[in-house]
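Report on the structure
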Amino acid sequence: MIKHHRTYRGLQILFLLGMLVSLFLTYEHFVPEASKFCTFGASFDCGIVNKSPYATLDGISYLMTVDFGWNIPLINLTQYGPFVELLVSNAFLGFLTLVFLFFLLRAYRQNKQCLWISANKTLSWMRGILIFGVLYGFYLFLIQHFLLKTYCILCIALDIILIVSLIIVWRMYHDSSK
């Protein structure tokens, strides 16, 4: 159980902020032209990052095939239409992940089961999902730094939200195992 109401509220706020940022990034991914809202010169341009081939799960295949030159088939799920592109876009998957984390947090606070996850496992699931999210965010940051040579300020904000959330959940996990 969460001992401090502020910890719970803080995580709720972080997850909600992350959802809003993810929804905006999803919108940015699909509009024909990127907005100037997130452009601050050549070094910070969300449009370049969001319109790049790395903005979807297909980006992993693109990286290995085109950038690394590995002789593997190029996977292009986005060719199956906008609905599939939505389902494989990093921003939308981030939104769904944060929604799931929000409901896991709620279940943890109420000491209830969430879907197939028992009440005593919700914190472990939250920690595991956040670890994966931080690692995937780091991969995307490396793509921005080394390949795109520009940064998405909102993507970095989302990375910070995930890192802070992971620290809080890690402490909660550590405190609950005492």
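Summary of the structure given here. Every chain is numbered on its own, with residues counted from 1 as its sequence reads. Per-residue local features are limited, in this predicted model, to residues with pLDDT of at least 70; the limit for side-chain atom pairs, both in listing and counting, is 80 or more; totals at the level of whole chains, interfaces and linings are taken over all residues. Water and hydrogen atoms were dropped before computing side-chain values, which therefore reflect all heavy atoms in the structure.

Let's talk about the environment of Y54
We count it as follows: Every helix listed is a DSSP run of H or I at least four residues long, and every strand listed is a run of E at least two residues long, numbered separately from the N terminus. In what follows, residue pairs with any heavy atoms lying within 4.5 Å of each other are defined as contacts.
With respect to the helices and strands, the residue Y54 is situated in the loop between helix 2 (46–50) and helix 3 (58–67). As a C-alpha pair, Y54 and L140 span 86 residues in sequence and 7.9 Å in three-dimensional space. Dropping the residues within four chain positions of it, Y54 is found in contact with G59, Y62, L63, D67, N90, L140, I143, L147 and L148.

Some thoughts on the environment of D67
Threshold: Burial here depends on accessible area, computed with a 1.4 Å probe over protein chains only, as a share of the maximum for the residue type. Under 20% is buried, over 50% is exposed, and the range in between is partly exposed.
Relative to the assigned elements, D67 resides in helix 3. By relative accessible area, D67 is classed as partly exposed at 33%. Each C-alpha atom of the pair D67 and D159 lies 24 Å from the other, and the pair is 92 residues apart in sequence.

Re unusual backbone geometry
The phi dihedral of N111 falls on the positive side, at around 55°, and the residue is not glycine. Among the structural elements, N111 can be located in the loop between helix 5 (90–110) and helix 6 (122–148). At L115, a residue that is not glycine, the phi angle is positive and equals roughly 55°. The exposed category is assigned to L115, whose relative accessible area is 58%.

Description of the packing of aromatic side chains
Short version of the rule: Pairing of aromatic side chains requires ring centres within 6.5 Å, counting the rings of Phe and Tyr and the six-membered ring of Trp. Pairs whose planes differ by under 30 degrees are stacked, by over 60 edge-to-face, and all others tilted. As a reminder, the over-ring test applies to NZ of lysine and CZ of arginine, requiring each to be within 6 Å of the ring centre and within 35 degrees of the ring normal.
Summed over the entire model, instances satisfying the criterion amount to 12 aromatic pairs. Where F24 meets F37, the ring centres are 5.4 Å apart and the plane angle is 75°; that geometry is what we call edge-to-face. Of the two residues, F24 is situated in helix 1 (residues 5–30) and F37 in the loop between helix 1 and helix 2; the sequence distance between them amounts to 13 residues. You can call F37 exposed: its relative accessible area is 60%. Note on W116 and W125: the rings are 5.7 Å apart at their centroids and 75° apart in plane angle, and the pair reads as edge-to-face. Linked through ring pairs, F24, Y27 and F37 together constitute an aromatic cluster. Above the face of the Y8 ring, R109 is positioned so that its terminal group lies 4.4 Å from the ring centre. We note R127 situated over the ring of W170; from NZ or CZ to the ring centre the distance is 4.9 Å.

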